[in-house]
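The residues making up each chain are set out below.
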Amino acid sequence: MNNYLEKKREKFARFYFLSNDELLEILSQTKEPTAVQPHLKKVFENIHSIEFDKDKKIHAMFSAEKERVGFFKFVDPNKKNVEDWMNEVENMMRLSVRAALLNSII
């Protein structure tokens, strides 16, 4: 079991911030992407939640202060491993903040 969790953490390093029990909870619900919501605060600093649409595609992130940053493009977690789409979310966070900053100075 520890080897399995270690492989998942190697694919998405931010999983190291979670306990084994928390990571198992997320991995056991791979068909339900919204199951990561309670753990986002541990995985990403000051990210309180992410916004899912009815098809479970991810469109935005919210800070603890309820500030919304829309994603540059949506992230589709459906039919993907959790560690893969969480990497996509992390990359989209960077791209979206960069785009928001560039838009603010233009």
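Our subject is the structure listed above.
All of the points below concern the structure found in this document. Bear in mind that the values here come from a model prediction, so they are computed numbers and not experimental data.

1. Looking at the packing of aromatic side chains
Step number 1: Evaluation of the coordinates by the stated rule reveals 2 aromatic pairs.
Step number 2: Relative to Phe15, the ring of Phe12 has its centre 4.9 Å away and its plane inclined at 75°; by these criteria the two rings are edge-to-face.
Step number 3: Its relative accessible area of 0% is what places Phe15 among the buried residues.
Step number 4: Put simply, the rings of Phe12, Phe15 and Phe44 pair up and form one aromatic cluster.

2. Thoughts on unusual backbone geometry
Step number 1: With a phi close to 60°, Asn46 is a non-glycine residue in the positive phi region.
Step number 2: By the element assignment, Asn46 lies in the loop between helix 3 (40-43) and strand 1 (47-52).
Step number 3: The phi torsion at Lys56 lies on the positive side, around 70°, for a residue other than glycine.
Step number 4: Tracing the backbone through its elements, the reader meets Lys56 in the loop between strand 1 and strand 2 (58-63).

3. Section: the environment of Asp84
Step number 1: As for its position among the elements, Asp84 is in helix 4 (residues 82-105).
Step number 2: With 67 residues separating them in the primary sequence, Asp84 and Phe17 have C-alpha atoms 17 Å apart.

4. A word on the sheet that holds strand 1
Step number 1: Overall, antiparallel pairing links the 3 strands, which are arranged 1-2-3 in an open sheet. With one partner strand each, in any of the chains shown, strand 1 and strand 3 (68-75) form the two edges of the open sheet. With strand direction ignored, the average angle separating the axes of adjacent strands in the sheet is 25°.
Step number 2: With 4 bridges connecting them, strand 2 and strand 3 associate as antiparallel partners. Each residue of the ladder has a partner; that of Ile58, found in strand 3, is Val75.
Step number 3: Those strands touched by helix 4 are strand 1, strand 2 and strand 3, and its axis lies near 125° from that of strand 3.

The rules we used
- In this numbering scheme, every chain counts its residues from 1 along its sequence in written order.
- Thresholds applied to this predicted model are a pLDDT of at least 70 for local features of residues and 80 or more for the giving and counting of side-chain atom pairs; totals over whole chains, interfaces and linings are not thresholded and use all residues.
- Think of the side-chain values as coming from all heavy atoms in the structure, minus any hydrogens and water.
- Only centres within 6.5 Å qualify two rings of Phe, Tyr or Trp (six-membered ring in Trp) as a pair; their planes then separate them into stacked at under 30 degrees, edge-to-face at over 60, and tilted for everything else.
- Here the term buried applies to any residue with accessible area under 20% of the maximum for its type, exposed to any over 50%, and partly exposed to those in between, with areas from a 1.4 Å probe on protein chains only.
- In this description a helix means any DSSP run of H or I spanning at least four residues, a strand means any run of E spanning at least two, and both kinds are numbered starting from the N terminus.
- Two strands qualify as a pair provided that DSSP identifies no fewer than 2 bridges between them.
- Fitting a line to C-alpha atoms yields each axis, with helices limited to the stretch in contact; the angle taken between N-to-C directions then spans 0 to 180 degrees.
- Only heavy atoms matter for contacts: two residues are in contact if any of them lie within 4.5 Å across the pair.

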